[in-house]
Amino acid sequence: MGGDLALIGAAFAFGVGSALLPVLLNAELYVIGMGAFVPKSLLALAILSLGVGTVIGKAIVFELVRRGSSKVRKTVDRKPPRNSFTAFMRRVGDRLLKLIDRPYLGAATVLASSLTGVPPLAVVTILAGASRQPRSLFLLMVFIGRTSQFLALAFIVHGVT
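Computed from a predicted model, the values in this text were never measured in an experiment. (Residues numbered from 1 in each chain as written. Predicted model: local features only at pLDDT ≥ 70, side-chain atom pairs only at ≥ 80, totals over all residues. Heavy atoms only, no water.)

K.L.:
Give a detailed account of the layout of surface pockets, specifying residues and quantitative values.
P.N.:
Any space left empty among the atoms is revealed by the rolling of a water-sized probe across them. What the second largest pocket holds in volume is close to 280 Å³. Around the second largest pocket sit 17 residues that line it, and P22, E28, L121, A122 and R146 are the ones nearest its centre. Contributing elements (two or more residues each) for the lining of the second largest pocket: α1 (2-20), α2 (27-37), α3 (40-67), α5 (106-116), α6 (121-130) and α7 (135-160). Considering only residue class, the lining of the second largest pocket consists of seven nonpolar, seven polar and three charged. (1 Å grid on protein atoms, 1.4 Å probe; cavity = no way out; pocket = protein on both sides within 12 Å on 5 of 7 lines; lining within 4 Å. Points joined across faces, edges and corners; volume = space filled by probe spheres on them. Helix = DSSP H or I, 4+ residues; strand = E, 2+ residues; numbered from the N terminus. Nonpolar A, V, L, I, M, F, W, Y, C, P; charged D, E, K, R; others polar.)

Below is the structure:
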């Protein structure tokens, strides 16, 4: 029982950490590890805990940006795409990011980003915080998208091992 609680708490903490520092703490790799080693009876609960932690971490970033949004740079210099697939993905991401300023259409961008990583959720979180995106809708889309992605990954890996 104590080990199960520690597992759920660790998943929650990792969710918060990965939302704040996505370059250092990769949630998808964590989920793959959980899918391989966590018993099936605890897997869904651990994934839900990770999803809730991710939402709390993204809420922190969202609020920090919202309170200091006048300092957010809207443009960034980017390297040219390496190939046609990368160029296509960039065009898709750019189109989705243009919707982020619309209160409800922006939810589609948040959901797509949370499910697929295109455009990157870290970028979407910052832009959503600086826009008119409703906080509750943003957080709901992050929870649905990330938790769905995590559950799919974990149970695919669990089924393979």
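Once you've had a look at it, read on.
K.L.:
An account of the environment of L127 is needed here, citing residue identities and associated values.
P.N.:
Structurally, the position occupied by L127 is in helix α6. Put simply, L127 and V52 are 75 residues apart on the chain and 21 Å apart in space, counted from C-alpha to C-alpha. Apart from residues lying up to four places away in sequence, L127 is in contact with L97 and I100. (Contact = heavy atoms within 4.5 Å.)

K.L.:
Tell me about the pattern of salt bridges, and name the residues and values.
P.N.:
Any two side chains of opposite charge can pair, on the condition that their charged atoms come close. Per the stated rule, a full pass over the model turns up three salt bridges. For the salt bridge of E63 with R67, the shortest nitrogen-to-oxygen distance reads 3.5 Å. Residue E63 and its partner R67 are located together in helix α3, separated by four residues, close to a single helical turn. The residue R135 makes a salt bridge to E63 at a minimum N-O spacing of 2.3 Å. Separated by 72 residues along the polypeptide, R135 in helix α7 and E63 in helix α3 bring together distant segments of the chain. Residue class for R135 comes out partly exposed when judged on its relative accessible area of 41%. Judged by relative accessible area, which is 17%, E63 ranks as buried. By sharing partners, the salt bridges in this structure join E63, R67 and R135 into a single network. (Salt bridge = Lys/Arg side-chain N within 4 Å of Asp/Glu carboxyl O. Buried < 20%, exposed > 50% of the residue type's maximum accessible area, 1.4 Å probe, protein only.)

That's the geometry; what it means functionally is another story.
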